[in-house]
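Chain residues, written in single-letter form:
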Amino acid sequence: MTALIPTRLPRPFDPRAGDGAAVPGLSGDAAALVAGAAGGSPYLAALIEKEAGWLAGAFADIDAAVSTELDALPAAAPDTLKSTLRRAKRRVALVAALADLGGVWRLEQVTGALTTLADAACDAALRTSLHNVAARGKLPGVGPDDLHDCASLTVLAMGKMGAGELNYSSDIDLICLFDESRFDPSDFAEARAGLVRATRAMCALLSDITDEGYVFRTDLRLRPDPSVTPVCVGMEAAERYYESQGRTWERAAFIKARPCAGDISGGAAFLKTLNPFVWRKHLDFAAIEDAHNMRLAIRAHKGTGGPITLPGHDMKLGRGGIREIEFFTQTRQLIAGGRDPDLRVRQTVGGLEMLARKGWIPGTLSEELADHYRAHRLVEHRVQMVRDAQTHALPATDEGFARLAAMMDMDVAALKADLTERLEAVHRGTEGFFAPGVPQAAPRSMTDLDDSLFAAWSRAPALRSPRAAAVFERIRPALLTRLAEASQPEEAARAMGGFLEGLPAGVQLFSLFEANPQLMDLLVDIVSASPHLAAYLARNAGVFDAVISGGFFGPWPGQDALTKDLTAVLAAEDDYERTLDAARRWAKDWHFRIGVHHLRGLATGREAATQYADLACACICGLWPAVQADFAARHGPPPGRGAAILGMGSVGARRLTSASDLDLIVIYDSDGQDSSDGRRPLASRTYYARLTQALITALSARTAQGQLYEVDMRLRPSGTSGPVATSMGSFCSYQRNEAWLWEHLALTRAKVITGPAALGAEIEALRREIIARPRERAGVVADLHAMRERIASAKGPGAPWDAKLGHGRMQEIELIAQAGLLLSGNAARDIDTGLLGAVASGLLDAAGAQACAAAYALCFDLQMAGRLTNRAGLDPDQLGQAARAFLARATGMEDIGALAAALAARTGAAGGVIDARLAEESGA
């Protein structure tokens, strides 16, 4: 129970009007509140006079008084509803005004009460209107008793009503929609006509002015294409409109949208279908310019763009007004809400708080704007209370300001000073966010370069649209400044041109740079040092979003946290194809992060290799359940114990590069079950073969979001000739009785990535069993010698800068290390342990193992850095200075010359050791 006990009192501007507003049963501050309200507002004075007999009881419990009026609406008979609605409006408006003026309710309670009234009034008016239309037989197939879902007609509250923020004398913005599929196609025209009648009748019940007043002025112009569409629009038609023609202002409008009357569940479902339209998957910084242009257009149309001068200043649309705070909040929400659902907050203050919590705006700015927003709204309410006018303008006369000051119990000078300070503070806090940067002159060091470098930029596809070109011109000076500061400006400018050539569109990325200029430093670093990463970035510019989304430069989370994160991302999708796209978007962000950390020296080559492996394993672990669920929907659950995914090669050893494919084996155990149990059952062998193909497709197919990984299944027992999935029994038998030595060598790096725990444990036990077998060193060495010769014959000697293939390079050292693991019976998966095993088994001596380890470490770091700079094949002579400097830094060398010398020396030493030991052991 909330009694209306004032904590502040307005002064009666017109004492005679205040004295004439006596309410029987009220005294003290309660009577003073009534007098102050009536003395400042002719509208409130009229309400007080009309409801004097009711008001004293309402003061005892204002919450109960409001609830009683709202509860009466659904129960009102059709012939009395119009009167009941207007009585409810009078009483709720009166209580809200007194609770507001008296400081009993906070702003959110005032706007919440007005919004709740609007919801209840819309629903009651709609249901009565539909009942009348149905009773006349104007809704085919729907009688008066069939309106539990309101014939699928839903009313969406937009704007302040949608956000629960209705002002004191507000229009209500509504969109009325219906589900076309609710009616037979032959009845569609008649049904739509009936629903249009009901919509118009609802609006009349709410907005007609009678001798009892009106309820709410209704505005239906936010619907799709209002000049040509009826007042009630089909949902499918509306969805097509927004997908094909929807504009940024309509996206912003739907931030606040919610179903308020009629078919609530149908309205909620429709809003969910619009999520891709409202909430873009990338960070939508182009929305800033759209919002800026909207603000300018509104100012021009309404004439509110002038300087802040208080008389007549528009508290909503003028400089520093309410709309600037709303635009600021909504635009930031549009930018990031597609990636972070927590930002999809309808309320303005709540949106500001969430933006601050998520790091999009400073906490102090959020608090300041929220405080100014509440203060602005209180002033707006008092301006509107005077005559129940839909106005947002401050008084234009001294008398008007004196009245407003009395209603706020403030001195006029203090009121004006406070208003001026707040309006200017809002303008300062928001204008810099919207206003485009001012072009600056290009730095002198760049103007001396060949003009052809910059002429080529203008021909790039990303700059073909006038809008993209305009935004680029604004960021161009800052970009040139950063290029001028590169170690080789001309080289960096050429690299930037290559990046722009590969960029298919530019508005979003250029807008991102305009809002976050520090990202241009990162871009210059990337295009200068890493052609491969620059090409990747040109194809996937949206990954820049991750840099400013928080946590980009934080600690690496690890595979488990990544898997949990991806699982949550995929769970939010309700379509398999969208699931695959979501996985690709997610993986691109993390892949880009690893590359940037490596490029900037925040991660070593070995750390980056582990991170790439974590990412790949997380993708497999996250997608495998989705793949199985989609497959099981058609063919039933996996027969038997299910399937495990065995990672081989680099993914098993957790050493991937930025360009690695994935060597996988799928091993299943049908446990004697012949087939699956589903709508379209499959034999167990066929089931797992097709399920494996589905996994390969999920990982390697090129969707609209690109590809995750190439997948190689050739390490399975049947190679390329048999089924892509292997049964556990066949795998065990093959490894124990038929496998070649090279296949046992491959097992030294195998690791179960995901699958049933028991099955995974059996696979690992088999792996350890095979590795622990006693072996004759001479036989192993003979096979190694033969393998080395076959590789050299097939692959050649390797290029001078090839870290993997060639004499004393990674592949040869890996073979020796894997042999060391087999000969020592050690199930570890790393090279260093393998080389120690080679020493323990007598295959190498300590000095030889040390030479191999040194060569491998250098080759590995070179491969990691080389794949990041140029995936096609490393040739430092074809790279720029920044890329060569990165190669040297990543390998711990002073410069590229020192790296070349060290590479030749170390691989030569390792190759000599391997030559000597294999020759000695094999007797050659």
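Located above this text is the structure these notes cover.
Owing to the predicted nature of the structure, the values given are computational and were not obtained by experimental measurement.

## Focus: the overall build of the chain
Looking only at helices and strands, the chain features 41 helices and 10 strands. Considering the chain as a whole, with its 924 residues, one finds that 55% of them fall into the buried category. Pairs at least 24 residues apart make up 73% of the contacts formed inside the chain by residues separated by at least 6 positions. A total of about 37,200 Å² of accessible surface is found on the chain, and carbon and sulfur atoms cover 52% of it.

## A look at the packing of aromatic side chains
Here the structure, examined in full by the defined rule, presents 10 aromatic pairs. Between Tyr-241 and Tyr-242 the ring centres are 5.1 Å apart and the planes differ by 75 degrees, which places this aromatic pair in the edge-to-face class. With a centroid separation of 6.3 Å and an interplanar angle of 55 degrees, the aromatic rings of Trp-586 and Trp-590 are classed as tilted. Highlighted residues: Trp-586 and Trp-590, both in helix α29 (residues 576-599), separated by 4 residues, approximately one helical turn. Ring-pair connections join several aromatic residues into one group, and the members of that group are Tyr-241, Tyr-242, Phe-254 and Phe-277.

## A short note on the pairing of strand β5 (residues 258-262)
The buried count for β5 comes to 5 of 5 residues, which makes it a mostly enclosed element. Here strand β1 (residues 154-157) runs beside β5; their pairing, made up of 4 bridges, is antiparallel. What sits directly across from Leu-156, in β5, is Pro-259.

## Observations regarding the pattern of salt bridges
For the structure on display, the rule yields 41 salt bridges. Put simply, Arg-422 and Asp-418 hold a salt bridge, and the shortest N to O gap is 3.1 Å. With Arg-422 and Asp-418 both in helix α19 (residues 412-434), this residue pair falls 4 residues apart, about one helical turn. A salt bridge links Arg-606 to Asp-832; the nearest nitrogen and oxygen atoms lie 3.9 Å apart. Of the two residues, Arg-606 sits in helix α30 (residues 605-635) while Asp-832 sits in helix α38 (residues 831-840), which places them 226 residues apart along the sequence. Asp-832 sits in the partly exposed class, given a relative accessible area of 39%. Shared partners join several salt bridges into a network, and the residues in it are Glu-51, Glu-69, Arg-87, Arg-90, Arg-91 and Glu-212.

## Some thoughts on the packing of α29 against α30
In a pair of packed helices, the angle between the axes and the distance between the axes together describe the arrangement. α30 packs onto α29 with a crossing angle of 175 degrees between their chain directions and a minimal axis gap of 10 Å. Relative to α30, the element α29 lies roughly antiparallel. Contact residues: α29 offers Tyr-576, Thr-579, Leu-580, Ala-583, Trp-586, Ala-587, Trp-590, His-591, Arg-593, Ile-594, Gly-595 and His-598, while α30 offers Gly-605, Ala-608, Gln-611, Tyr-612, Leu-615, Ala-618, Cys-619, Leu-623, Ala-626, Val-627 and Asp-630. When grouped by side-chain class, the residues that make up the contact of α29 with α30 number 15 nonpolar, 6 polar and 2 charged.

## So, helix α9 (residues 188-207)
An ideal rise of 1.5 Å per residue puts 28 Å on 20 residues; α9 measures up with 28 Å between its terminal C-alpha atoms. Of all the residues in α9, the buried ones are Ala-191, Gly-194, Leu-195, Val-196, Ala-198, Thr-199, Met-202, Cys-203, Leu-205 and Leu-206. Of the surrounding secondary structure, the elements contacted by the buried residues of α9 are α6 (81-101), α7 (107-135), β1, β2 (172-178), β3 (218-219) and β4 (232-234).

## Observations regarding helix α5 (residues 62-75)
Its 14 residues give α5 an end-to-end C-alpha distance of 21 Å, which sits within 8% of 20 Å, the value for a rise of 1.5 Å per residue. Taken together, the buried residues of α5 touch α4 (52-60), α6 and α7. The N-cap of α5, judged by a side-chain oxygen 3.3 Å from the amide nitrogen of Asp-63 a few residues on, is Asp-61.

## Some points on unusual backbone geometry
Even without being glycine, Cys-150 reaches a positive phi, approximately 55 degrees. Here Cys-150 shows up in the loop between α7 and β1. Taking the relative accessible area as the measure of exposure, Cys-150 reaches 1% and is therefore buried. Look at Arg-654: it is not a glycine, yet its phi comes out positive at around 60 degrees. Assignment of secondary structure puts Arg-654 in the loop between α31 (649-652) and β7 (662-669).

## Quick look at the packing of α38 against helix α39 (residues 846-869)
It is at 9 Å that the axes of α38 and α39 come closest, and there the two elements cross at 160 degrees. Our classification of the angle between α38 and α39 gives roughly antiparallel. In this structure, α38 crosses over α39, and the sense of that crossing is right-handed. Residues Ile-831, Asp-832, Leu-835 and Val-839 of α38 touch α39, and the partners they reach there are Ala-846, Ala-849, Cys-852, Ala-853 and Tyr-856. The class makeup of the residues in the contact of α38 with α39 is 8 nonpolar, no polar and 1 charged.

## Thoughts on the side chain of Ser-169
Mapped onto the elements, Ser-169 comes out in the loop between α8 (159-162) and β2. At a separation of 2.9 Å, a polar atom in the side chain of Ser-169 contacts the side chain of Asp-388. Contact partners of Ser-169, with chain neighbours within four places excluded, come to Tyr-214, Arg-217, Gln-384, Asp-388, Ala-389 and Gln-390.

## Points about the side chain of Thr-907
Position of Thr-907 among the secondary structure elements: in helix α41 (residues 896-922). Since its relative accessible area comes to 3%, Thr-907 is described here as buried. In contact with Thr-907, other than residues within four places in its own chain, are His-807, Gly-808, Arg-809, Ala-855 and Cys-859.

## Thoughts on the nonpolar core
Among the nonpolar cores identified, the biggest contains 138 residues, and Phe-499, Phe-510, Phe-544, Phe-592, Leu-664 and Leu-784 are the most heavily contacted of them. Looking at which element gives the most residues to this core, the answer is α30, with 15 residues. Not counting residues within four places of it along the chain, the set of residues in contact with Phe-499 comprises Leu-509, Leu-523, Val-527, Ala-534, Leu-537 and Ala-538. In terms of nonpolar packing, the next biggest core, distinct from the first, is built from 84 residues, Val-23, Ala-121, Leu-130 and Val-231 among them.

Conventions we followed
- Residues numbered from 1 in each chain as written.
- Predicted model: local features only at pLDDT ≥ 70, side-chain atom pairs only at ≥ 80, totals over all residues.
- Heavy atoms only, no water.
- Helix = DSSP H or I, 4+ residues; strand = E, 2+ residues; numbered from the N terminus.
- Buried < 20%, exposed > 50% of the residue type's maximum accessible area, 1.4 Å probe, protein only.
- Contact = heavy atoms within 4.5 Å.
- Areas by Shrake-Rupley, 256 points an atom, 1.4 Å probe, with all protein chains shown as cover.
- Phe/Tyr/Trp six-rings, centres within 6.5 Å; stacked < 30°, edge-to-face > 60°.
- Pairing = 2+ DSSP bridges.
- Salt bridge = Lys/Arg side-chain N within 4 Å of Asp/Glu carboxyl O.
- Axes fitted to C-alpha atoms, helices over the stretch in contact; angles between N-to-C directions.
- Parallel < 35°, antiparallel > 145°, perpendicular 65-115°, else oblique.
- Nonpolar A, V, L, I, M, F, W, Y, C, P; charged D, E, K, R; others polar.
- Expected span 1.5 Å × (residues − 1).
- Polar contact = N/O pair within 3.5 Å; in protein donor to acceptor, adjacent residues only side chain to side chain.
- Left-handed = near helix turned anticlockwise from the far one by under 90°.
- Core = buried A, V, L, I, M, F, W, Y, C linked by side-chain atoms within 4.5 Å.

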